[in-house]
Amino acid sequence: MPDERTEDPGYPARQASRMASLEQLDATVPTCRACPRLVEWREHTARVKRRAFQDWDYWARPVPGLGPPDAALAVVGLAPAAHGGNRTGRIFTGDPSGEVLYAALYDVGLASQPTATHRDDGLELYGVRITSPVHCAPPQNRPTPAERDTCRPWLARELELLRPTLRAVVVLGAFGWQALLPVLASAGWRLPRPRPAFGHGAQVLLADERGGRGLHLLGCYHPSQRNVFTGRLTPAMLRTALRDGAALAGLPRPPSTDDR
């Protein structure tokens, strides 16, 4: 039986504040059961499965972030996919959005390989950490505002632990943008007024109220199947956003690729 305290809505806030490292945070996030609707959905999906994945033992828990603890660039998405991260246990792994994202990360020199299929496939990220505002797969890819807010302490602590090296954030989609802004404000980065609106190609420099270097915030459409299939987001557009983020983060200049 799970620890009942993990089902308390205050569990993320209580536990996140105690995490002294990203390694501890990543090990603790999967224990959370604070959102009943998300717990029910992620576990139902793992029981029913898709025909193509009948042989898989689904992860069916919250999916932590991925990447080095001294990352200068963060990529923020929405939430794990029911048959992607919820199946494999690694963010953006095993789903169509991840296929597009990791190929782009590889093309611009931020990943060791262009594919991500399972947790032990050898993938490494260079200077970049990938995370999300909601760590459980939501029905219809739509977390509720209450679920987003309950999960927020995990993201807030993750960014606090990254703060010494973090220089830029690429946000994939409007949901991630809207969820991230209050986290950044509470962490001491000053938001312009009015608050910056999401848009593909949007760039904002947030001043550090603690006197450190500012944080560059960049908007990019989410690499969802709908956006990619309709051409709203092309691989070249995604590569450009990631290159811009890497450059603003001060990462080594990535190799150029053919933006076909």
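The present account deals with the structure reproduced in this document. (Residues numbered from 1 in each chain as written. Predicted model: local features only at pLDDT ≥ 70, side-chain atom pairs only at ≥ 80, totals over all residues. Heavy atoms only, no water.)

Overview of the packing of helix α5 (residues 96-107) against helix α9 (residues 235-248)
The angle between the axes and the distance between the axes are what describe a pair of packed helices. The contact between α5 and α9 brings their axes to 9 Å, and the two run at 55°. The angle between α5 and α9 falls in the class oblique. Remark: the crossing between α5 and α9 carries right-handed chirality. Counting all contacts with α5, which are made through Val-100, Leu-101, Ala-104, Leu-105 and Asp-107, the residues of α9 involved are Leu-238, Arg-239 and Leu-242. Across the contact of α5 with α9, the residue classes break down as six nonpolar, no polar and two charged. (Axes fitted to C-alpha atoms, helices over the stretch in contact; angles between N-to-C directions. Helix = DSSP H or I, 4+ residues; strand = E, 2+ residues; numbered from the N terminus. Parallel < 35°, antiparallel > 145°, perpendicular 65-115°, else oblique. Left-handed = near helix turned anticlockwise from the far one by under 90°. Contact = heavy atoms within 4.5 Å. Nonpolar A, V, L, I, M, F, W, Y, C, P; charged D, E, K, R; others polar.)

A closer look at the pattern of salt bridges
With the rule as written, the count across this model stands at 13 salt bridges. A salt bridge links Glu-158 to Arg-129, with the shortest nitrogen-to-oxygen separation between them at 2.5 Å. Of this pair, Glu-158 sits in helix α6 (residues 145-162) while Arg-129 sits in strand β2 (residues 128-131), and the two are 29 residues apart along the sequence. Of the residues examined, Glu-158 reaches a relative accessible area of 1% and is grouped as buried. With its nearest N and O atoms 2.9 Å apart, the salt bridge here joins Arg-148 to Asp-149. Overlapping salt bridges, with partners in common, bring together Glu-7, Arg-33 and Glu-43 in one network. (Salt bridge = Lys/Arg side-chain N within 4 Å of Asp/Glu carboxyl O. Buried < 20%, exposed > 50% of the residue type's maximum accessible area, 1.4 Å probe, protein only.)

Here we look at the packing of aromatic side chains
Following the criterion strictly, the structure yields three aromatic pairs and no others. Both rings, one in Tyr-11 and one in Trp-154, keep their centres 6.1 Å apart while their planes meet at 65°; by these two values the pair is edge-to-face. You can see Tyr-11 sitting in helix α1 (residues 11-16) and its partner Trp-154 sitting in helix α6, a full 143 residues away along the chain. Accessibility assignment for this pair places Tyr-11 and Trp-154 in one class, buried. Against the face of Trp-56 rests Arg-87, its NZ or CZ located 4.4 Å from the ring centre. Taking NZ or CZ as reference, Arg-163 lies 4.1 Å from the ring centre of Trp-189, over its face. (Phe/Tyr/Trp six-rings, centres within 6.5 Å; stacked < 30°, edge-to-face > 60°. Lys NZ or Arg CZ within 6 Å of the ring centre and 35° of its normal.)

Topic: the nonpolar core
Within the largest apolar cluster, 34 residues are counted, with the highest numbers of intra-cluster contacts made by Trp-154, Leu-159, Leu-166, Val-169, Leu-180, Leu-184 and Leu-217. Going through the elements one at a time, α1, α2 (22-28), β1 (73-76), α6, β3 (168-172), α7 (174-186), β5 (203-208) and β6 (215-220) are the ones with two or more residues in this core. Tallying contributions element by element places α6 first for this core, with seven residues. If sequence neighbours within four positions are ignored, Leu-184 has contacts with Leu-159, Trp-189, Leu-206, Leu-215 and Leu-217. One finds Tyr-102, Leu-238, Ala-249 and Leu-251 within the second-largest nonpolar core, a separate group that totals 33 residues. (Core = buried A, V, L, I, M, F, W, Y, C linked by side-chain atoms within 4.5 Å.)

A word on α7
Between the first and last C-alpha of α7 there are 19 Å, a value that for 13 residues agrees with the 18 Å anticipated at 1.5 Å per step. Of all the bends in α7, the largest measures some 25° and sits at Leu-180, one to four residues before the proline Pro-182. Next to the buried residues of α7 lie β1, α6, β3, β4 (189-190), β5 and β6. After α7 finishes, the residue Gly-188 shows a positive phi value of roughly 105°. (Expected span 1.5 Å × (residues − 1). Bend = angle between axes of the 7 residues up to and from the residue.)

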